[in-house]
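The lines below spell out each chain.
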Amino acid sequence: MRISTPNFHNLIKNPLAIIIPLLAISLLLLFLPLKLSNQIKAACVTPIRPLQWATCFCSNSASNFFDKIISPWRDAQAKKQLEEQIAQLTNKIIEQQDTIYKLQNKLSMLSKFQIENKNVKTSVIPADIIGFDTSNFRKSITINAGSKQGVKVNNIVVSNNTLIGRIITVGSGSSVVQLITDPASRIPGRILQTREQVIVEGNATAFCQLKYIPRWAKLKEGDDIVSSDIGGLYPPSLPIGAVMQNEIKGGALFRSVKVLPTVNISKIESVLVLTN
Amino acid sequence: MRWFTFFCILICISAFQSTMIKWITIGSAVPDLYFSLVVFYSFLTDIKRNTITNWFTGLSKDLLSEGSLGVNSIFFVAIGLLIWSIRGILYKGHLITQVLITFIFSVIYNIFYAAYVAVSFRSLNLLPTLWAIFVCSLYTAVIIPVLFRILGKFQPNQRLFSVGDR
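For chain A, the name recorded in an unreviewed UniProt entry is Cell shape-determining protein MreC, with Candidatus Jettenia ecosi as its organism. A UniProt comment under Sequence similarities (unreviewed entry) is attached to chain A, and it reads "Belongs to the MreC family."

(A) The overall build of chain B, seen in detail. Assigned secondary structure in chain B consists of 7 helices and 0 strands. Moving toward the C terminus, one meets the helices and strands of chain B in the order α-α-α-α-α-α-α. When the backbone C-alpha atoms are referred to their principal axes, chain B occupies close to 45 × 30 × 30 Å. Considering chain B as a whole, with its 166 residues, one finds that 55% of them fall into the buried category. Looking at chain B alone, contacts between residues at least 24 apart form 74% of all its contacts between residues at least 6 apart. Carbon together with sulfur atoms contributes 73% to the accessible area of chain B, which is approximately 7,100 Å² in total. On chain B, the mean spot of the 12 positive side-chain charges and the mean spot of the 5 negative ones are 10 Å from each other.

(B) Looking closely at a nonpolar patch on the surface. Taken together, the side chains of Phe65, Phe66, Ile69 and Ile70 of chain A together with Trp23 of chain B make up a nonpolar region of the molecular surface, amounting to roughly 540 Å² of accessible area. Here isoleucine 69 of chain A lies in helix α4 (residues 49-70). With a relative accessible area of 48%, isoleucine 69 of chain A lands in the partly exposed category.

(C) Representation of the pairing of strand β8 (residues 208-211) of chain A. Residue and element names in this part refer to chain A. Side chains Cys208 and Leu210 project from β8 onto one buried face, and the interleaved Gln209 and Lys211 project onto a second face that is buried too. For strand β7 (residues 197-202) and β8, the ladder comprises 4 bridges, and the chain directions are antiparallel. Bridge pairing in β8 links valine 200 to leucine 210. Once β7 ends, the chain turns through 5 residues before running back antiparallel as β8, passing alanine 204 with a positive phi of about 65 degrees. Strand direction decides the pairing type here: β8 and strand β11 (residues 256-261), joined by 3 bridges, are antiparallel. What sits directly across from leucine 210, in β11, is valine 257.

What counts and what doesn't
Residues numbered from 1 in each chain as written. Chains lettered and ligands numbered in written order. Predicted model: local features only at pLDDT ≥ 70, side-chain atom pairs only at ≥ 80, totals over all residues. Heavy atoms only, no water. UniProt positions renumbered as here; feature names shortened; annotations may be inferred. Helix = DSSP H or I, 4+ residues; strand = E, 2+ residues; numbered from the N terminus. Buried < 20%, exposed > 50% of the residue type's maximum accessible area, 1.4 Å probe, protein only. Contact = heavy atoms within 4.5 Å. Areas by Shrake-Rupley, 256 points an atom, 1.4 Å probe, with all protein chains shown as cover. Lys, Arg positive; Asp, Glu negative; His and termini not counted. Charge placed at Lys NZ, Arg CZ, Asp CG, Glu CD. Patch = residues over 30% accessible without salt bridge, like charges linked within 9 Å, V, L, I, M, F, W, Y side chains within 5 Å. Salt bridge = Lys/Arg side-chain N within 4 Å of Asp/Glu carboxyl O. Pairing = 2+ DSSP bridges.

Given below as structure tokens:
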């Protein structure tokens, strides 16, 4: 009696023989721990990073070139520098205001304890943005600084002295930054003027929203939001954004508050990574 | 179908989507070039190649996107199979068919993906999300004629809607 062994070629002819293993691999990847999944991503994407960097470099160069051609009557660079300076000064003012409010609170409580401001040494790594998230519903950027430069997971990323996100994946020469507008981002913050604690979360649009703001909270449009050191992940007093829309919907338990990030992330080209 | 060509196209699309997409972004409307590739190969190839190309397309999108690996590969394989299964009843190669199919399936894909994100993080708002889905799908559909023309040049020995290879 002859037993016919299944031929590999015949096996492959069956579409299910391809669909099922591929879906099984996808499911396996889907349920991998996030850390492992990020490591796989960093390893797989490393060969593409130079191409990404080159494309981004060409894109930015071409963009600058066209800018100069289209508006020859304006000194684009000078304007850009001035805008950056204004943004930096505005943020400095917000920081100073925050410090003043803090000090006022401390005085009003008649604290008898002397609090020493420990100078935490923070080293700063400059990096250029070399890529953006390919999904419409996630917000992250890729920067050209990685473990070689000393970047670590959970390092804070700022631009113009404003918080824009934190490092979630580190490769050897590049890292992925989860932006404050990403749906998975949750940042402890404070309303500068009223000192109320808030949670700033992303919602995959250009704006953020504040979570769990009680109906009776004193909030008005234009109020500044700064980061809070609660939880120990973020440094305090970094500007995040300003309240843009503040409303109470029907029978909702909490207020619906929309926040406009201080920095327009789609327009920046470089960031600073705070490594401590 | 040439696999080498496919992988070159995929790398180019990945590089473009992750770096230069802001050049063709209009407001909140961002075209999804990966999805166009899924529709193109679902029309073009047989079920096996369609599954493999869509899986690789989804995986490369996952690699360059924040979040878990494998989500887009599953969605793209499923969408690819859906398009492949109905392509026989479609009006062959007509421009409007290509645009409409892309728009409808892009809306379906984006709804599923948004639902996945909403379930995972509970932080999406309904109206802005629906608006984003609509404009992104519309933009993806609008660029289809140009993109299919370019992609068709790289796969010249295949024709769209070649039902014979089913």
